[in-house]
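# Structural overview for review
What follows is the residue order along each chain.
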Amino acid sequence: MAEAHSAVAFSFAITHEGFDINYDHEVLNLVWNSGIRSWKKRLARARNGVRNGVYPAHIQSLWVITAIALGLHFAGLQVPFNLVNRLLINFPSNTVNWQILACFMASLFVWLSICFIMRYTLKLLLMNKGWMYESRAPGSKVSLRTKLWAGAVKLFSSWNKPGLYSFQGSLPRLPVPSVHDTMTRYLRSVRPLLDDEKYQKMERLASEFEHTIGKKLQFYLKLKSWWSTNYVSDWWEEYVYLRGRSPLMINSNFYGTDAIFMNLTESQAARAANVIYLLLCFRRTIERQEMQPILIQGMIPLCSWQYERTFNTVRVPGMETDRIVHYRDSNHVVVLHKGCYYKLPIYHKGRLLRPCEMQVQIEEILNSTATPMPGEKYLAALTAWDRAKWAETRNTYFIRGPNRVSLNTIETAAFVVSLDETPYEFDLHRPELLDNFGRTLLHGNGCNRWFDKSFTVCVGTNGRVGFNAEHTWADAPVMGHTWEYMLADDIYGYDENGNTKGTPEFQPPSPVHLSWALEPCLDRIEEATLAANKLINDIDLRILVHNQYGKGFMKKCRLSPDAYIQMALQLAYYRDAGRFSLTYEASMTRLFREGRTETVRPCTIESAAWVKAMDDTTKTIAERVNLLKEACDRHQLGYQDAMCGNGIDRHLFCLYVVSKYLEVDSPFLNEVLSEPWRLSTSQTPHGQTPKMDLKKHPQCISSGGGFGPVADDGYGVSYIIAGEDLIFFHISAKKSCETTDAHRFADNICRALADIRAMFELHMKQNPNVSKKSVTNGSSTDSTKSK
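Residues numbered from 1 in each chain as written. Predicted model: local features only at pLDDT ≥ 70, side-chain atom pairs only at ≥ 80, totals over all residues. Heavy atoms only, no water.

## With respect to the UniProt feature "domain: Choline/carnitine acyltransferase" (unreviewed entry) in the chain
- Here the UniProt feature "domain: Choline/carnitine acyltransferase" (unreviewed entry) sits at residues 174–750.
- Note that residues 174–750 is 41% helix and 16% strand, and that its end C-alpha atoms are spaced 38 Å apart. (UniProt positions renumbered as here; feature names shortened; annotations may be inferred. Helix = DSSP H or I, 4+ residues; strand = E, 2+ residues; numbered from the N terminus.)

In structure tokens:
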């Protein structure tokens, strides 16, 4: 085996004649190249660290200031603050060499001062969020204050070309809202969900909390916000993700699909090879920080912290809590095919293999006659199992021997690739094909996805691809950006025969079939497989392709497309369940350092009034339209508050964590945190990379992705506004729940969208002037979410 070969690549023995040294030139060459690559990365990180540390100033400006200081000093003029002469007093002599050193040190002091002034000035500018709340309605003007602010931010952010992490030190910290403001927002959000008696009880609990224990909990939370970079993110990662003991499959992991309207190649090997290569190129842009951070409106940066763990990352199971492990480098990926695991080298003599060379490796795997070792075919089911049981199994059977070596190979891989044995098909006239595509990516057969890895690339026999991603290391927009980058370049990667372009320059290193000794834990693997199958059999997924209209019509209605869809979901759920429910919509907080997400609560007093009006025959069309606009405006305000750090749920979550640390019981927080999210929604962002030219390649857009339901009696709904007349909805539900049905809910969404359109068309006929104004109010939340 390759591992054994590596172990004896260098050996020596002491004989009567002296030392007998044996070594393998090829393996030592691999070691040398690996070391060179590692040191290059270290030097690049050090260089980028200096550049990011002084941003928005430029490192080259130091030499300019030094030259000015030298010129002033030797011309007999005084350097500002007389710094050079003050330094010379403490030097051994006043020779030319010491004078040059004094000039450099004085220049360094001045330069660092300028750097920090620029950096904290930019930070103060980015703390302003007033621009988020300014109206984008037609005819409205941007205030002079915002214009001046935008000009200053633009000046600082364009002063020097930023790297991926250049803005990190300038991003403000996430603010802690006041307890009173959070109580006010919370009570308003639950009013449509509670009758008068329950609402009065909740008011009493909230008031009691605010004036008693809430003050103490808020004090400790303020201390944490001053001390830590972000007062939410570490606790969110720990308690929401890592401490969860339920299986990752369906419950936590999410998926993304291919550009389904394009069929680039029918070759599974060619598509897999090109995708692997492009993803590794993206990894290189992250490592070298060559990718620019995402800038809203070209000037306001989003936090890039989450990109660091995109590759070489794994979630390691633990008995009580898991942990995220990120490796600095990885020179291989792991490929899973027909139940066999292969280590696929991706470098040769220090050079990344080209797609045509990787295709040779993939074809070797596809043509292999190797058969899975006992238990190997179902091994990945352990990662779809209860986390505590998987941790116990891992600590018992995977801590030594070939199992440890092979498991380490998987966990240290850049990512995992699964070469499936079925095609990923799509046909607008056969919706069940796209549903099957989504189910394949969400859970596969339960044992052909390594759910612990940051992501698994899945490749069908017909060349279509998708991914399954673990959620702890980052949120969906980061994985979406990675996927967009790949899709944007993937369209140029094949010749007329469907193979990757180019000719291999050498015979690439062969993949190595990993070795296992799984006989002692076969019963555990079987138990995990049965548990995975039970989860799979209980999940239902419906991918709705809504092509009757899209954001083009929504803009004519002068409404935010996201708010429009959220209101349609409220109407669909009310018709489906006969009541309103606590609704979750994910919003990002990446305007702040290490920000992740906040919750927007689309079910509001205004949305409930509009939903009821839609089936109220006493309401006129004009009244319904006005109620919908009020509901959308309220939704926009909620989204703006969430993005600006004034959300509800993350603040309450952190207060709850503090109460548990202090061992203080709060009836109010217990009540809040026990409320189920029966409707969990999220919009899939796109257009995050300028490489994605949808005007040139309009069919290149992915159909988005989805996730499982958060509550057993609820729905998980992900949607992507793919074009002017195209929206994809990914709807999931549990089959075991008698009150939910993913297909029925999809029909209700179609009906809701049709009813809203009919309402607006009738309103436009009755009010012809409305139809002439096709400019959207363009709320800031839409632009930031799609970025």
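Structure's up, so let's keep going.
## Focus on the pairing of strand S7 (residues 323–326)
- Pairing analysis gives 4 bridges linking strand S6 (residues 313–316) to S7, with the strands arranged antiparallel. Residue pairing for S7: Arg 315 is matched across the bridge by Ile 324. (Pairing = 2+ DSSP bridges.)

## Comments concerning the environment of Ser 93
- Positionally, Ser 93 belongs in the loop between helix H4 (83–88) and helix H5 (96–127).
- Note on Ser 93: relative accessible area 26%, which makes it partly exposed.
- Beyond its immediate chain neighbours, meaning those up to four positions away, Ser 93 contacts Leu 88 and Trp 98. (Buried < 20%, exposed > 50% of the residue type's maximum accessible area, 1.4 Å probe, protein only. Contact = heavy atoms within 4.5 Å.)

## Overview of helix H19 (residues 561–577)
- Between its first and last C-alpha, H19 extends 24 Å over 17 residues, near the 24 Å set by a 1.5 Å rise per residue.
- Burial within H19 is extensive, with 15 of its 17 residues counted as buried.
- Backbone geometry just after H19 places Gly 578 at a positive phi near 80 degrees. (Expected span 1.5 Å × (residues − 1).)

## Regarding the packing of helix H21 (residues 621–643) against helix H24 (residues 742–766)
- At a minimum axis distance of 10 Å, the contact between H21 and H24 shows a crossing angle of 120 degrees. At the point where H21 passes H24, the crossing takes the left-handed sense. Contacts between H21 and H24 pair Ile 621, Ala 622, Arg 624, Val 625, Leu 628 and Lys 629 from the former with Ile 756, Met 759, Phe 760, Leu 762, His 763 and Gln 766 from the latter.
- Taken together, the residues of the contact of H21 with H24 break down into 8 nonpolar, 2 polar and 2 charged. (Axes fitted to C-alpha atoms, helices over the stretch in contact; angles between N-to-C directions. Left-handed = near helix turned anticlockwise from the far one by under 90°. Nonpolar A, V, L, I, M, F, W, Y, C, P; charged D, E, K, R; others polar.)

## Here we look at the packing of helix H9 (residues 213–227) against helix H22 (residues 649–661)
- The interhelical angle for the contact between H9 and H22, taken along N-to-C directions, is 100 degrees, at an axis separation of 9 Å. Judged by the inter-axis angle, H9 sits roughly perpendicular to H22. Facing H9, whose interface residues are Leu 217, Gln 218, Tyr 220 and Leu 221, H22 presents His 651, Cys 654, Leu 655, Val 658 and Ser 659.
- Grouping the constituent residues of the contact of H9 with H22 by class yields 6 nonpolar, 3 polar and no charged. (Parallel < 35°, antiparallel > 145°, perpendicular 65-115°, else oblique.)

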